[in-house]
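Commentary on secondary and tertiary structure
Below are the chains, spelled out letter by letter.
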Amino acid sequence: MGSEGMFKGTISILEQGLDLRSMKHNLLVSNIANKDTPNYKSFDLAVDEEMQKLTGTQRSIALRKTDQGHLPAGGFKDYSGVTITKSSQGVEANGDGNTVDIEKEMTDLAENNLLYDAVAQILRKKFQGLKNVIQGGS
Amino acid sequence: MNFIDAFRISASGLTSQRLRMNVISSNLANSHTTRTPEGGPFKRKDVVFSSQPLETSFQKMMQAQGNAKLTGVKVVGVIEDPRPPIIKYDPQHPDADEKGYVSLPNINLIEEMVNMMLATRSYEANVTAVNATKRMALKALEIGK
Amino acid sequence: MNEISIQDKIQMMLPPTAGVNPPKEAQGNSFSDTLNGALGEVNRLHEEADRAVTALSSGKETDIHNTMIALEKAEINFKLMMQVRNKIISAYETIMRTSI
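Residues numbered from 1 in each chain as written. Chains lettered and ligands numbered in written order. Predicted model: local features only at pLDDT ≥ 70, side-chain atom pairs only at ≥ 80, totals over all residues.

**Side note on the overall build of chain A**
We apply this condition: Helix and strand labels come from DSSP, where a helix needs a run of H or I of at least four residues and a strand needs a run of E of at least two; each type is numbered from the N terminus. Neighbour counting defines burial: a residue surrounded by 20 or more other C-beta atoms within 10 Å of its own C-beta is buried, one with 12 or fewer is exposed, and intermediate counts give partly exposed, using backbone-placed C-beta atoms. Residues are defined as contacting one another if the C-beta atoms placed from their backbone atoms lie within 7 Å.
Within chain A, the secondary structure is distributed over three helices and four strands. For chain A, the N- to C-terminal ordering of α and β elements is α-β-α-β-β-β-α. Across the 138 residues in chain A, those meeting the buried criterion constitute 38%. Considering only contacts in chain A between residues 6 or more positions apart, those separated by 24 or more positions represent 74%.

**Regarding the overall build of chain C**
Looking only at helices and strands, chain C features three helices and zero strands. Reading the helices (α) and strands (β) of chain C from amino to carboxyl end gives α-α-α. Within chain C, the proportion of its 100 residues that are buried is 28%.

**A look at the interface of chain A and chain B**
For clarity, the cut-off: Only Asp, Glu, Lys and Arg are considered charged in this grouping, and only Ala, Val, Leu, Ile, Met, Phe, Trp, Tyr, Cys and Pro are considered nonpolar; every other residue, Gly among them, is considered polar.
Taken together, the 34 residues of chain A in the interface contact 37 residues of chain B. Listed by contribution, the elements that provide at least two residues to the side of chain A that touches chain B are helix H1 (10-33), strand S4 (85-86) and helix H3 (102-136) of chain A. Broken down by element, the side of chain A that touches chain B gets its largest block of residues, 10 residues, from H1 of chain A. The residue makeup of the side of chain A that touches chain B, split by class, is 18 nonpolar, 10 polar and six charged.

**Some remarks on the interface of chain B and chain C**
At the junction of the two partners, chain B supplies 11 residues and chain C supplies nine residues. A per-class count over the side of chain B that touches chain C returns seven nonpolar, three polar and one charged.

**Thoughts on helix H2 (residues 30-58) of chain C**
Residue and element names in this part refer to chain C. Condition: A helix's residues, less one, multiplied by 1.5 Å, set its expected span.
Between the first and last C-alpha of H2 there are 42 Å, a value that for 29 residues agrees with the 42 Å anticipated at 1.5 Å per step. The complete set of buried residues in H2 reads Leu-35, Leu-39, Val-42, Leu-45, Ala-49, Arg-51, Ala-52, Ala-55 and Leu-56. Positioned one or two residues after H2, Gly-59 has a phi angle of 85°, which is positive.

**Digging into the nonpolar core**
Operational definition: Nonpolar cores are built from buried Ala, Val, Leu, Ile, Met, Phe, Trp, Tyr and Cys residues. These are joined into a set through C-beta atoms within 7 Å.
If you look at the biggest cluster of nonpolar residues, it comprises 51 residues, and the most contacted ones within it are Val-29 and Ala-120 of chain A together with Ala-140 of chain B. Mapped onto this core, the elements with two or more residues apiece are H1 and H3 of chain A, helix H1 (3-29), strand S1 (45-53) and helix H3 (109-141) of chain B together with H2 and helix H3 (64-97) of chain C.

**A word on the environment of Pro-37 of chain B**
All names here are of chain B. Along the polypeptide, Pro-37 turns up in the loop between H1 and S1. The exposed category is assigned to Pro-37, around which 4 C-beta atoms lie within 10 Å. Remark: the alpha-carbon pair of Pro-37 and Tyr-89, spanning 52 residues in sequence, is separated by 23 Å.

**Brief notes about the packing of H3 of chain A against H3 of chain B**
In helix packing, the relevant descriptors are the interaxial angle and the interaxial distance, both defined with respect to the helix axes. Test applied: All axes are obtained by fitting lines to C-alpha atoms, using only the stretch in contact for helices, and the reported angles, taken between N-to-C directions, cover 0 to 180 degrees. Convention used here: angles under 35 degrees read as roughly parallel, angles over 145 as roughly antiparallel, angles from 65 to 115 as roughly perpendicular, and any remaining angle as oblique.
Taken N-terminus to C-terminus, the directions of H3 of chain A and H3 of chain B make an angle of 10°; their axes are 9 Å apart at the nearest point. By the angle between their directions, the pair H3 of chain A and H3 of chain B is classed as roughly parallel. Here H3 of chain A contributes Ile-102, Met-106, Leu-109, Asn-113, Tyr-116, Asp-117 and Ala-120 of chain A to the contact with H3 of chain B, which in turn contributes Ala-125, Thr-128, Ala-129, Ala-132, Arg-135, Met-136, Lys-139 and Ala-140 of chain B. Residues that form the contact of H3 of chain A with H3 of chain B fall into these classes: 10 nonpolar, two polar and three charged.

**With respect to the confidence of the model for chain A**
All names here are of chain A. Our working definition: Values of pLDDT, the confidence the predictor places in each residue, fall between 0 and 100.
With 70% of its residues at a pLDDT of at least 70, chain A reaches an overall mean of 76. For chain A, per-element mean pLDDT is lowest for strand S2 (residues 63-64), which scores 38, and highest for H3, which scores 91. pLDDT under 50 marks residues 58-76. Its contacts with residues more than four places away, or in other chains, come to 34 contacts.

**Concerning the packing of H1 of chain A against H3 of chain A**
Residue and element names in this part refer to chain A. Stated formally: Two helices cross in a left-handed way if the nearer one is turned anticlockwise from the farther one by less than a right angle. They cross in a right-handed way if the turn is clockwise.
H3 packs onto H1 with a crossing angle of 155° between their chain directions and a minimal axis gap of 9 Å. When the axis of H1 is compared with that of H3, the two are roughly antiparallel. Between H1 and H3 lies a crossing of left-handed hand. The residues of H3 that touch H1, namely those facing Thr-10, Ile-11, Leu-14, Gly-17, Leu-18, Arg-21, Lys-24, His-25, Leu-28, Asn-31 and Ile-32, are Glu-105, Asp-108, Leu-109, Asn-112, Leu-115, Tyr-116, Val-119, Ala-120, Ile-122, Leu-123 and Lys-126. Within the contact of H1 with H3, the residues separate by chemical class into 12 nonpolar, five polar and five charged.

**A word on unusual backbone geometry**
Residues and elements named next belong to chain A. In the Ramachandran plot, Asn-39 falls in the positive-phi region, its phi being about 65° despite a non-glycine side chain. Looking at the element boundaries, Asn-39 is found in the loop between H1 and strand S1 (43-44). Judged by C-beta crowding, with 12 C-beta atoms within 10 Å, Asn-39 ranks as exposed.

**Notes on the confidence of the model for chain C**
All names here are of chain C. Taken as a whole, chain C shows an average pLDDT of 74; of its residues, 69% reach a score of 70 or greater. Mean pLDDT values over the elements of chain C span from 58, in helix H1 (residues 3-13), up to 87, in H3. The ipTM value of the predicted complex is 0.80, and its pTM value is 0.75.

Here it is in structure tokens:
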């Protein structure tokens, strides 16, 4: 009886969503901090595309076995396929090689934040649902 | 939510913008200073930003393609504006030379005010980023509730 | 269903332990194998949750949501096991009450 089965599927997808949005948040924060740095090129992560890539090819993230001491929480997930795009030329209105569009970064920050909250909320509800199912049926 | 790295990046942004504000304030305060220890009028100063890769154990980031490194920002130096000082004709001025011309600092008030607004905006943007990080982390803690 | 094997399994489960106990009989029927697998699962998820908490507090892993999810999974899995245990015990009691 692999009870892990109840954690595959939707919950696994939601977990991936959280991980990707967490990565994107760090990229956005990095862009914002380097808004005035000359020749800094902004980074981006297209979460929706990455989600489709991940759920298309692998239903759940492959767990790689590595050194026990290095194991982060939740096992070692393989995100090497995720593409982080670096803008080579862009908003040259900044004039010094910097490609950070601050309005875009701020709105992306708000949007990413909201979607992270939404996914966390949904995950919470799913866990609550599982607990109810397990306990309520006696 | 990988909040530690995000906070450090935003903190570096806040520090850098604050240093920039200090330099701008110094420029504004010295916009008419004609005597300095080095001799000559005060020279306008500016900061140089440089992106600083963060030492992070965020393994997922290092795996991802695109060679993305989380980068903070750092002020690596304060340089002097190479533009020549403003020459004004004012024989009454105690620092006027024999022809009656005074060298005033090459500081344009409008330019400094604009820079000040830009620095403030950048500072606020980083503050917003910190708040966003905090909210996400708190929300993640609620998953178990 | 083999009565003796159920008794063995319940005696193994009753003392509160998250460890995996080796099966008492040489070859288990599919039920005992399943049960051992399940107990191993509980143990594994609990260990993973412990690792997650340690990693978070030592700063090695700073993704809060991964830690919280690991804890949740361990808790849910454990609750499931407790329910299964209850069912097994009540089934055992029902059988024992059967008058011969």
